[in-house]
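Observations on the model geometry
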Amino acid sequence: MKDLLVDLEKKAWGLLVGKMNPFKSNKLGGVIACPWLNWRKADATPGIIQGIFIMQDWYCSSNSTDSLKKSQEESLEYNVNYIREACKVNDATIYNLYNHKKWKPLIWDNKKTWLVTNAVWGLRTCDNPTGQLPVNLHKTAFQVWSQLVAKFAIMDDFKVMFAGAWSADPEERKCGQPLGSFLESWRKWAGKGIGKNVEVSNLCFKDVKGKAFFCSHPATWKRKSKYKVCHCDECRLLD
Ligand SMILES: [Zn+2]
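Below is a short write-up of the structure. (Residues numbered from 1 in each chain as written. Predicted model: local features only at pLDDT ≥ 70, side-chain atom pairs only at ≥ 80, totals over all residues.)

Section: the overall build of the protein chain
Test applied: To qualify as a helix, a DSSP run of H or I must reach at least 4 residues; to qualify as a strand, a run of E must reach at least 2; elements of each kind are numbered from the N terminus. Counts of 20 or more other C-beta atoms within 10 Å of a residue's own C-beta define buried residues, counts of 12 or fewer define exposed ones, and intermediate counts define partly exposed ones; C-beta atoms are placed from the backbone. For every residue pair, C-beta atoms are placed from the backbone, and the pair is scored as a contact if these atoms sit within 7 Å.
Along its length, the protein chain carries nine helices and seven strands. For the protein chain, the spread of C-alpha atoms along the three principal axes comes to 45 × 45 × 35 Å. A burial count over the protein chain gives 36% of its 239 residues as buried. Considering only contacts in the protein chain between residues 6 or more positions apart, those separated by 24 or more positions represent 76%.

Right, here's the structure in full:
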């Protein structure tokens with residue numbers, strides 16, 4: 001896992017620095033990274049990974065005006081620790097995932113058979129403080145997250161859960177569709193139009209296996225529907 005992250009963080013730095021701010025890191029100085037993946041960095045073998053839960057760009061962000069708190073939240077290690085100690089925190093995303101009977105065992109318990117990742121790594125700049133990140137940023141960041149997904153999507157029963165509205169238009173969010181063709185449609189989208197990214201033409205998803213699933217962002221999950229992932233027929237198969 002460590003080698004993969006070193007490679008992807010190097011790639012992310014080249015692509016995203018200037019568009020996203022780096023996390024501060026005791027060990028690395030500044031790094032364009034994902035705290036969720038860094039939490040799993042020490043894991044030796046990625047062999048048992050059965051799925052990836054992907055959100056737009058979660059990290060600790062209390063919008064505090066306290067400069068000490070703010071500076072803590074920009075630290076990669078602080079964010080990793082926050083995820084590790086999920087039982088103690090009250091961030092809506094972490095709380096809802098950690099208190100979910102399906103997701104807690106997959107993400108936090110011993111086997112940790114699912115990875116969680118952000119699509120767009122790093123910290124937001126003041127240009128994009130909240131909400132959906134701009135199209136050009138997503139087109140660039142696709143070069144990072146798609147490579148992570150492709151690396152692990154080698155089994156027919158592999159699943160990727162896309163959480164939140166960023167991943168596709170509503171009519172395209174059909175659970176159970178082949179992951180490889182979903183990534184291919186992303187690749188086509190990223191390579192044309194506003195903010196197009198010519199580099200994506202080098203990516204290939206023909207060997208990608210598994211299926212794509214869709215749900216709302218965990219920060220928005222309501223207590224009363226806590227045990228529902230998504231209400232579609234395909235998602236019932238996930239439970
Ligand atoms: Zn569904």
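What follows continues from the structure just given.
What to know about the nonpolar core
Heads up, the rule is: Take the buried Ala, Val, Leu, Ile, Met, Phe, Trp, Tyr and Cys residues, join any whose C-beta atoms are within 7 Å, and the set you get is a nonpolar core.
With 59 residues, the main nonpolar core has Ile 54, Trp 121 and Val 160 as its most contacted residues. Setting aside residues no more than four positions away along its own chain, Trp 121 makes contact with Ala 12, Leu 16, Met 20, Ile 32, Ala 33, Cys 34 and Val 144.

A look at the packing of helix α1 (residues 2-16) against helix α7 (residues 135-152)
For any two helices packed against each other, the geometry is given by the interaxial angle and the distance between the axes. This is how it is decided: Only C-alpha atoms enter the line fits that serve as axes; for helices the fit covers just the stretch in contact. Angles between N-to-C directions range over 0 to 180 degrees. Note on angle classes: values under 35 degrees are labelled roughly parallel, values over 145 roughly antiparallel, values of 65 to 115 roughly perpendicular, and the remainder oblique. Here a crossing is taken to be left-handed if its near helix is turned anticlockwise relative to the far helix by less than a right angle, and right-handed if that turn runs clockwise. Residues are sorted three ways: Asp, Glu, Lys and Arg are charged, Ala, Val, Leu, Ile, Met, Phe, Trp, Tyr, Cys and Pro are nonpolar, and all the rest, Gly among them, are polar.
Where α1 contacts α7, the two axes come as close as 8 Å, and the packing angle between them is 165 degrees. The orientation of α1 relative to α7 falls into the category roughly antiparallel. Along this stretch, α1 crosses α7, giving a crossing that reads as right-handed. Residues Leu 4, Leu 8, Lys 11, Ala 12, Leu 15 and Leu 16 of α1 lie in contact with α7, whose contacting residues are Thr 140, Ala 141, Gln 143, Val 144, Gln 147, Leu 148 and Lys 151. A class-by-class count of the residues in the contact of α1 with α7 yields eight nonpolar, three polar and two charged.

Re helix α4 (residues 76-84)
So the rule is basically this: By construction, the arc corresponds to the directions joining the helix axis to the C-beta atoms.
For α4, the set of buried residues is Leu 76, Asn 79, Val 80, Tyr 82 and Ile 83. Along the axis of α4, the buried residues cluster in a sector spanning 160 degrees; they form a single face. Those residues of α4 hidden inside the fold are in contact with β1 (23-25), β2 (29-31), α2 (35-39) and α5 (92-98).

Concerning the environment of Ser 185
Counting through the fold element by element, Ser 185 comes out in helix α8 (residues 179-190). Residues Ser 185 and Ala 92 lie 93 residues apart in sequence; the distance between their C-alpha atoms is 31 Å.

So, to be careful, I would describe these as geometric facts and stop short of saying anything about function.
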